[in-house]
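An overview of the molecular structure
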Amino acid sequence: MVFALLLFLVPLAPGAERDALPGTQAEGTVCVLVRDARTGKPLAGVRVAQYLEDAGERFVTPVLLAETRTDKRGIAVVRWKDKPRDCHWIFDAPRFAVSEKYGWSPPDVVELEPGHDVSARVFGPFGKPRAGVRVEYLLGCSHSPAVRTAVTDAAGRFSIGGVNPRIGRFWLRAPGIASRFFDVGVGDLHAAPGLALTGRVTDDDGKPVANVVVGSHQEMRGPRARTGPDGAFRLEGYVPNETLFACGPRNRVAYPAPRPIDSRQPFRLIIRSPDQGETDGRPDPDAKRTAVRIVTLDAATGRPAPDVPAWLQRADGWLFFADDGVVHVPAGRYELHVGGGFGSHAAKQRTIEVKDGDVSEHRVVAQRQPRVALGGRGGLPKHADIELVTPHGMLRLRDDETGIGANVQAVVRVRGQGLTRVFPLGPVRDGKRTAELTWPAPRRLVLGLRSFRGSGGKRSVEIAGAWSERDGNIVRTHATGVQTLVVSDRNLGTQAIAVQVGEVPAQVPADALRTPGTLRVLSPNGEAFVTGQATVRDGFFKHSPRLSDGRSWCLRADAYVRVEREGYFPLRQKLADAGPYTLSWPGTELDIAADQTPPPANGFVVLIDGELFESKDGHVKLQGVPAGRHTILIGASGRRTKAYEVTLDPKAPALLKFTLQER
């Protein structure tokens, strides 16, 4: 093939030269190209932030290591200060969905999708809307930074913008509630009860220790607090029975969690003196211990009540749990605890003195707690989670034998099929507190599917639209209000339809489904491709069909199509009408080769119109490059990047030869 030497080929001014392209950066430097996922155009001004992946107990807030913004070429460069290690990389720009990548370095190319808003409501443990809750939106693991935050209003509602509504998780923070991870798009968020845990951190001599991190291991994202000058702390949103830890300047102390009944009482954590070395806070294993037997008697029968939990709590906060009613402890003064929580008997507490060598037995008389009884369960969905919620904890119910205090505020919460309903417990009758569980009939949608091939004509499908699951070709959402119904049909393709889901049946007309367009992709000589890959972005729905002549796909008029084939400049186009669609590459051919001896040892990289290409056999050969004026950046490892302004003739092949200076 004969190439014409490019006219108007001039290097840019020296000040426009750059030293980094993705794949050519110097050691200790990260270089990334950020572009629009639909158009492929480079994005300038994108915030690129690097956060440390910190899985240690000292983790309180994400550590920002570096922050920069992309230049007009869409390129951001970050220079490492320390040895590379795994990090969370955040990419954020107005009107785009914030994105996160994990690893010591992000990919060479990051594409940003359009940003959308997501809204939901937050309900407290007892089913009431909760105001003032801080909602964190994160994209990675438990240690990821919160890339978006919001605070709920008086109705418990919040809205977060600039996100992909199909990706990410929420975490909640507020007094009186504890969080778990909520996937985006699940609908309303129902929090668990969270306790306010107070205490004091001291050294062995009883002196307060300030600036100690005290926290809980809940999902590795549990609440954290720092001690003040008096050593005191307050931990909001604590879940009973979660392990606690305290991290001082040089050491770490791990403690088991207090039982639910004690979580309202202050307790003491001891930080060992530095000259005593590190410790996990456990009592001296070599200390002499004394056996203490604890017997719980049923107040009604006077007989021993089996399987009632019992433990001793020392002044420093350490707990000793009884095994078959027997606990071995060093001599000293203890608080004895039995029962409580969701057990069969009510809580009892007393103070005892344990002396060396004495074998003691302590009998505690405890009242039996009312049992929880559930009625009307026939209408509940299969595999529903039934939870008993009190201010001090939450328990999944499996039968009606769970005990609960007579005057404890409690509700039964049922979660299933994407819905959550809360039922109050009634007063004590016949030794039971009862809850009548009823389940609403599912809201119905009638969807008319229209086939455009064969003799199918119109067909009507009735579905339940009150929850999220798959049923044949229908994927449906659960919440009320305007929702997106996704329909997958072999003739119609995959389509998203906005519908109003309410308490009454709703009709979705057949003409809400779009007649699919016909996608044809032609080579520069007008021949139809039968190989290759097309990526169709229709809002947040992405399809990757294999190309074939005349293949039908359901495409929106404002969808973006990207077609890739080896040796061709990627074809991107926005669909402007209802189809059929014929896409064709322009005819310009471009060959880029090094004009120097020796050529770059590890090849070179070419950046043109937001597309990145690596050389093969000393060349980058492309067909279908759009005619007109382009800025071409060429770089190689150890060489200075050079920029060229070129104008391509649509009728003539072009050859570009270049030389790169060493850095």
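Residues numbered from 1 in each chain as written. Predicted model: local features only at pLDDT ≥ 70, side-chain atom pairs only at ≥ 80, totals over all residues. Heavy atoms only, no water.

A word on the packing of aromatic side chains. By the definition in use, this model includes eight aromatic pairs. With centroids separated by 5.3 Å and ring planes inclined at 85 degrees, the aromatic side chains of F158 and F170 adopt a geometry described as edge-to-face. Taken together, the positions of F158 in strand β13 (residues 157–163) and F170 in strand β14 (residues 169–173) put the pair 12 residues apart, joining distant regions of the chain. When sorted by exposure, F158 lands in the same class as F170, which is buried. Ring geometry for Y568 versus W585: centroids 4.8 Å apart, planes at 40 degrees, classification tilted. Pair noted here: Y568 is in the loop between β51 (560–564) and β52 (571–574) and W585 is in the loop between β53 (581–584) and β54 (588–594), with a separation of 17 residues, a long-range link. (Phe/Tyr/Trp six-rings, centres within 6.5 Å; stacked < 30°, edge-to-face > 60°. Helix = DSSP H or I, 4+ residues; strand = E, 2+ residues; numbered from the N terminus. Buried < 20%, exposed > 50% of the residue type's maximum accessible area, 1.4 Å probe, protein only.)

This part covers the sheet that holds strand β31 (residues 348–354). Taken together, four strands build an open sheet; the order of strands is β28-β27-β30-β31 and the sheet is antiparallel. One side of each edge strand has no neighbouring strand; the edge strands of this open sheet are β28 (319–321) and β31. Neighbouring strand axes in the sheet, compared pairwise and without regard to direction, differ in orientation by 25 degrees on average. With seven bridges connecting them, strand β30 (residues 332–338) and β31 associate as antiparallel partners. Its bridge partner being in β31, Y334 is matched across the sheet by I352. (Pairing = 2+ DSSP bridges. Axes fitted to C-alpha atoms, helices over the stretch in contact; angles between N-to-C directions.)

Turning our eyes to something else, we now look at the sheet that holds strand β8 (residues 99–103). Taken together, four strands build an open sheet; the order of strands is β5-β4-β7-β8 and the sheet is antiparallel. Both outer strands of the open sheet, β5 (64–69) and β8, are each paired with one neighbouring strand and no more. On average, each strand axis in the sheet is inclined to that of its neighbour by 15 degrees, with strand direction left out of account. With five bridges connecting them, strand β7 (residues 87–92) and β8 associate as antiparallel partners. From the neighbouring strand, H88 faces β8, where its bridge partner is Y102.

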